[in-house]
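# Report on the structure
Listed below are the residues making up each chain.
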Amino acid sequence: MSLRRVVGWSGELLVTLGVLLLLFAAWQLWWTDVVADRAQTQIVQSLEDEFARGTAAPVGDNGIPAAIGEDGAFAVVRIPRFGDDFARPVIEGTDRPVLALGVGHYVGTAGPGQVGNFAVAGHRTTYGRPFHDVDQLVDGDRVVVETAAQVYVYEVTSREIVRPGDVEVIAPVPDEPGTAPTEAVLTMTSCHPKYSATERFVVHGRLVETVPRAQWVPSRWLTAATEG
Amino acid sequence: MYAALWRLLPGPGWARAVQCLVLALVVVAICFTWVFPAVSPLLPFTDSTVGP
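Structure report, in brief.

Cut-offs applied
- Residues numbered from 1 in each chain as written.
- Chains lettered and ligands numbered in written order.
- Predicted model: local features only at pLDDT ≥ 70, side-chain atom pairs only at ≥ 80, totals over all residues.
- Heavy atoms only, no water.
- Helix = DSSP H or I, 4+ residues; strand = E, 2+ residues; numbered from the N terminus.
- Buried < 20%, exposed > 50% of the residue type's maximum accessible area, 1.4 Å probe, protein only.
- Contact = heavy atoms within 4.5 Å.
- Areas by Shrake-Rupley, 256 points an atom, 1.4 Å probe, with all protein chains shown as cover.
- Lys, Arg positive; Asp, Glu negative; His and termini not counted.
- Charge placed at Lys NZ, Arg CZ, Asp CG, Glu CD.
- Core = buried A, V, L, I, M, F, W, Y, C linked by side-chain atoms within 4.5 Å.
- Expected span 1.5 Å × (residues − 1).
- Bend = angle between axes of the 7 residues up to and from the residue.
- Buried area = accessible area lost by both parts, 1.4 Å probe.
- Salt bridge = Lys/Arg side-chain N within 4 Å of Asp/Glu carboxyl O.
- Axes fitted to C-alpha atoms, helices over the stretch in contact; angles between N-to-C directions.
- Parallel < 35°, antiparallel > 145°, perpendicular 65-115°, else oblique.
- Pairing = 2+ DSSP bridges.

With that settled, consider the overall build of chain A. Check the secondary structure of chain A and you find three helices and eight strands. The helix and strand sequence of chain A, counted from the amino end, reads α-β-β-α-β-β-β-β-β-β-α. Over its C-alpha atoms, taken along the principal directions, chain A stretches across nearly 80 × 40 × 35 Å. A burial count over chain A gives 46% of its 228 residues as buried. Pairs at least 24 residues apart make up 60% of the contacts formed inside chain A by residues separated by at least 6 positions. Summing over all exposed atoms, chain A offers an accessible surface of approximately 11,100 Å²; the carbon and sulfur share of this is 57%. In chain A, the 18 positive side-chain charges and the 28 negative ones have mean positions that sit 8 Å from each other.

The structure is reproduced here in C-alpha cells:
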C-alpha cells in the first residue's frame, strides 16, 4: 500500500473518531436527559396513581415498603426551589441504573420521616439531572417527600462540599458517625463541580412537619420559602 | 476507506448516497443503544454518590 493511501485512510479514521466523540457528547449531555425525563415522569405518575388509589405497598418499620415494585420506586420528592412542578421518584439503591430512573435512596439509611438520616443521591448533570440546581438551595427551602400514607416536609439547614469518599455525610447524625440519632434529617448528595466527579455537593435538612396524605394541600407547602 | 465503501455500493449516485445515509444512521443507533451506555460508566463525569 502506498504511503499516500495510508495517510488517506488514517486521516479518515481520525475524522471518524472525532465525529464519534461528538456523538458521544451529544448522547451523554442531551439524549440521556430526554430518555430519563420521560421515564422519571412516568414513574412519578404511576406512583401518584398508586398513592391515590391506596394500592401502594405498606411501609415497614424502616419507613420503606417491604415489597417495592419492579422499578423500586417508593416515594416522590418535590423541591419547590427547582420549580413548581418539580417531582422525581425516589428509588431504593444508588447503583448507576437506579440513578438513571430518579433519585436513589442509600440502602441502610433511614426511610422518609424516620429518626436518622434519610439520604439520597441524584445526578447533577445528565440522566434527567434531578439535582442540577442543588447548589441553589438556601436555608429554609422545603424538600417534600411524598409516600403512600404521609407527606414529609423537610427544610434545608446546611450545605457542604466534600470528597467522594466522605461517607460520614450520610451517617445517622450527619458528620458524626457513631452517634445515635434523635432527629429525623435528610441528606442529598450530587456531583460537584458540574460535569465533574472530583467532589460531592451535599445538602442537609431536617424534618419540620409530617402531614397525613388526607390532609395534604399541595399549595400550602409547595412554595419556595424565600423568593429569589 | 470511504472511497472504497462508495465503490462497493451498487446503483447510481443517488442510490449510493441514500445507502450511505442509512448506514450512518445504523451506526448512530448502535452507538446510542449499546456502545455509549457501556462506555459511560467507565468515565468519571456523572458520579453523584458518596462511598468508600
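This part covers the side chain of Thr187 of chain A. Within the secondary structure layout, Thr187 of chain A lies in strand E7 (residues 184-192). In contact with Thr187 of chain A, not counting residues within four places along its chain, are Asn117, Phe118, Ala119, Val120, Val169, Ile170, Pro174, Val202, Val203 and His204 of chain A.

What follows deals with the nonpolar core. Residue and element names in this part refer to chain A. Membership of the largest hydrophobic core comes to 25 residues, with the highest contact counts inside it found for Ile79, Phe131, Leu137, Val143, Tyr154 and Met188. Those elements that provide at least two residues to this core are strand E1 (73-78), strand E4 (116-121), strand E5 (142-146), strand E6 (150-162), E7 and strand E8 (199-212). Core analysis: the second largest hydrophobic core is formed by ten residues, Leu47, Ala73, Ile91 and Val98 among them.

Glancing now at helix H1 (residues 3-53) of chain A. The first and last C-alpha atoms of H1 of chain A sit 72 Å apart over 51 residues, in line with the 75 Å expected at 1.5 Å per residue. Along H1 of chain A, the largest kink reaches about 40° and is centred on Trp27 of chain A. Of the positions making up H1 of chain A, those classed as buried are Phe24, Trp27, Gln28, Thr32, Asp33, Ala36, Gln40, Ile43, Val44, Leu47, Glu48 and Phe51 of chain A. In the core, the buried residues of H1 of chain A are packed alongside E1, strand E2 (87-92), helix H2 (96-99) and E5 of chain A together with helix H2 (13-39) of chain B. Count one or two residues on from H1 of chain A and you reach Gly54 of chain A, which has phi positive near 75°.

Taken together, the contact pairs 35 residues of chain A with 21 residues of chain B. Together chain A and chain B conceal approximately 2,300 Å² of surface at their shared face, both sides included; 65% is due to carbon and sulfur atoms. Of all residues in chain A, the largest losses of buried area upon contact with chain B belong to Phe24, Trp27 and Arg96 of chain A, amounting jointly to 25% of the total for that side. For Arg96 of chain A, the salt bridge identified is with Asp47 of chain B, shortest N-O distance 3.0 Å.

Once that is clear, we can look at the environment of Gln19 of chain B. All names here are of chain B. Structurally, Gln19 can be placed in helix H2. When the C-alpha atoms of Gln19 and Leu9 are compared, they prove to be 7.7 Å apart, with ten residues separating the residues in sequence. Here Gln19 is in contact with Leu9 and Pro10, once residues within four sequence places are set aside.

This part covers the pattern of salt bridges. Residue and element names in this part refer to chain A. Enumeration over the complete set of coordinates arrives at nine salt bridges over all chains. In this structure, Glu146 engages Arg78 in a salt bridge whose closest nitrogen and oxygen atoms are separated by 2.6 Å. Remark: Arg78 occurs in strand E1 and Glu146 occurs in strand E5; sequence separation between them is 68 residues. Among the salt bridges present, the one from Arg213 reaches Glu146, with a minimum N-O distance of 2.9 Å.

Following both chains from N to C, one finds H1 of chain A and H2 of chain B inclined at 75°, their axes separated by 10 Å at the closest point. Here H2 of chain B runs roughly perpendicular to H1 of chain A, going by the angle between their axes. Residues Leu20, Leu23, Phe24, Trp27 and Trp31 of chain A of H1 of chain A touch H2 of chain B, and the partners they reach there are Val28, Cys31, Phe32, Phe36, Pro37 and Val39 of chain B.

For the rest of this paragraph, the subject is the sheet that holds strand E3 (residues 103-105) of chain A. Pairing between the strands of a sheet is mediated by backbone hydrogen bonds and can be parallel or antiparallel. All names here are of chain A. Around the barrel, eight strands lie side by side as E1-E2-E3-E4-E7-E8-E6-E5; this closed barrel has mixed pairing. Sheet twist, expressed as the mean angle between neighbouring strand axes with direction ignored, is 30°. Sheet analysis places E5 next to E6, joined by five bridges and oriented antiparallel. In the strand pairing of E6, Val145 is matched with Tyr152. Packing against the sheet, H1 makes contact with E1, E2 and E5, and its axis sits at approximately 105° to E1.

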